[in-house]
Amino acid sequence: MLKITGQSISSELAIGTIRYYRQMKNIIGDAVASDPDAELARYRSAYRKCMDQLQQLYTNTLQQLSAREAGIFEMHRMLLADSQFHNAIEAAIAQEQKTAEYAVYSVGQKLWERFAAMDDPYLRERGADIQDVMNRLLSVLSGKNESALDQITEPFIVMAQDLSPGETVQMNTSRLLGFITCQGSPYSHTAILAKTMGIPALMHIDIDENWDGHLAIIDGKNQCLYIDPDEPLIREYQTKINSDRKKREALQAILHLPAVTRDGHEVKLYANINTPSDMDAAIRQGAEGIGLFRSEFLYLNAQEYPDEEVQYSIYRSVLERMPDRHIVIRTLDLGTDKKSPYLALEPEDNPALGYRAIRICLNQPELFKVQLRALLRAAAHGSLHILLPMIISVREIRQTRELLETCKKELAEKGTPFGDPVLGVMIETPAAVLVADELAAEADFFSIGTNDLAQYTMALDRNNARLHTFYDPHHPALLRLIGMTAEAAHRHNIPVCICGESGADLTLTKTFLSMGIDALSVAPGALLPLKKSIREMTLAADNA
Ligand code: PEP
Ligand code: MG
């Protein structure tokens, strides 16, 4: 048995088999094939091997488990044999002269994007199956099929050198127990995604490929990992996991109760979501609305910028899942660690200070207008709040309002119905706090992004794991900036929410409520513990 310490993002626990995930970028390699005939032959051979593997898996699973589990592999065989999928890959190799890996990846990704954007949850789920099939082909092509995650029917822990936000968001969450990575930091988007999924992640672990297939325990509370744990330890952790589950179940008692302190101070509790499928967890955990939908996650791995129709149907589906509730959709916050191939962002010396978020959108208004038109149309179906990221000046709000007016005109000319969303700004730079009065005069609401506000206030790169001992969510500078933002918002009678990770930090809740913060928006799994803590709190005694 081996015990290793790392850096944890939450107090969750997990027991399961480790599966080593090799990053796609290492598998795909060059896009252009030097010998397309040879590539075609490689693809056809991989295709046959995958068909055989799936047949074998079907038979084994049928014998060992049930027809239901085995059916997954039957469905994967059908997806693999689908003539549209198969022909598109062959055409990419033979006509566009792409390598087999690149052709499989690009065709698979495009198909996944189409499914991921569908309204029907059953069809959306099929997107994960397409990924499984694509990964199987890629694993066979690269000769590394021993680690294909989709060959595993039991839940597993993913081990990887690093995971980009794009890779994480595409993982099939139904069998995922946790992450172990070498790189990463608790404030990175990958960590935020793990929190939204409600699973533990241990970072800064010196991973070993030989652990692939071994049993492990992740202890998020004590920030450690056990490889090949012995029986008594497994039993001890199983008991802890059961007791955590019971505590979570007990929280259901407050599901429909408001987040109000003992002395009557009420706040709104919203959920942060990264994809429409996170809505299920948000509703299950009693969210009063969506305080932050990070829209950019939908487009991270897309081969091309999703068009207006695709965006409209996604935003509309989110609004329709929670009719009449407060829904905040943030406009694209790409850049730094969130890169999309179609934007062709150039490498930068200081990406966090660079070309990201609203800066990309205002520099490329035609691209921004696609999202704004889609949002305006979706606003006809609910209470939509548009949120602008990385704001530093009123100029950015004004320019966005002008673009919104142009978009409204364009839609009206075509006779396309649209609604009237409100427009808010993220307060995540010290500049925004210092001009908060001016911003509040022009915006309809504020949402404080403490992840970036901390990064820019303390000059600490949120993605750099080595800086975590310096990172202090209680830093007086940060708390003062949050207090100043709340005061400015209230001077102008607009509401202020906290949607960064500090919103779920129970050691800060009282401070935030005392500052007059109107709402907290957190990962779905953090909603009920936060509500419990608020309902047990008395503010007046503290203020006295
Ligand atoms: C933040 O910066 O706190 C925030 C909520 O946005 P993101 O984490 O997506 O940058
Ligand atoms: Mg941010």
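What you see is a predicted model; the values in this text were computed from it and never measured.

The rules behind each value
Residues numbered from 1 in each chain as written. Chains lettered and ligands numbered in written order. Predicted model: local features only at pLDDT ≥ 70, side-chain atom pairs only at ≥ 80, totals over all residues. Heavy atoms only, no water. Donors = N, O, S within 2.8 Å, 3.2 Å for Na, K, Ca; no water. Helix = DSSP H or I, 4+ residues; strand = E, 2+ residues; numbered from the N terminus. Buried < 20%, exposed > 50% of the residue type's maximum accessible area, 1.4 Å probe, protein only. Phe/Tyr/Trp six-rings, centres within 6.5 Å; stacked < 30°, edge-to-face > 60°. Salt bridge = Lys/Arg side-chain N within 4 Å of Asp/Glu carboxyl O. Domains from an automatic or database assignment.

**Thoughts on the coordination of the magnesium ion (ligand 2)**
The magnesium ion (ligand 2) binds to the protein through Glu428 (OE) and Asp452 (OD); the donor distances cover 2.0 to 2.2 Å. Taken together, the positions of Glu428 in the loop between β14 (422-427) and α15 (430-434) and Asp452 in helix α17 (residues 450-458) put the pair 24 residues apart, joining distant regions of the chain. Like Asp452, Glu428 is buried.

**Some remarks on the packing of aromatic side chains**
Per the counting criterion, the structure on display carries 4 aromatic pairs. Measuring from ring centre to ring centre gives 3.8 Å for Tyr187 and Tyr471, while their planes differ by 20°; the resulting arrangement is stacked. One end of the pair, Tyr187, is in the loop between β5 (176-181) and α8 (189-197); the other, Tyr471, is in the loop between α17 and α18 (476-491), with 284 residues separating them in the sequence. Where Phe293 meets Tyr315, the ring centres are 6.5 Å apart and the plane angle is 75°; that geometry is what we call edge-to-face. Of the two residues, Phe293 is situated in strand β11 (residues 289-294) and Tyr315 in helix α11 (residues 308-321); the sequence distance between them amounts to 22 residues. For Phe293, a relative accessible area of 0% puts it in the buried group. Among the residues examined, Tyr315 registers a relative accessible area of 0% and is labelled buried.

**A few points about the pattern of salt bridges**
Applying the stated criterion across every chain yields a total of 28 salt bridges. A salt bridge links Glu39 to Arg42, with the nearest nitrogen and oxygen atoms 2.8 Å apart. One end of the pair is Glu39 and the other is Arg42, both in helix α2 (residues 36-64) and 3 residues apart, which spans about a single turn. Here Asp280 and Arg321 are joined by a salt bridge, their closest N and O atoms 2.8 Å apart. Linking Asp280 in helix α10 (residues 279-284) with Arg321 in helix α11, this pair joins segments that are 41 residues apart in sequence. What emerges from the salt-bridge pattern is a single network uniting Glu308, Glu309, Glu366, Lys369, Arg373, Arg377 and Glu410.

**Some points on the domain arrangement of the protein chain**
Its domain assignment divides the protein chain into domain 1 (2-23 + 147-240), domain 2 (36-142) and domain 3 (268-543). The distance between the C-alpha centroids of domain 2 and domain 3 comes to 36 Å.

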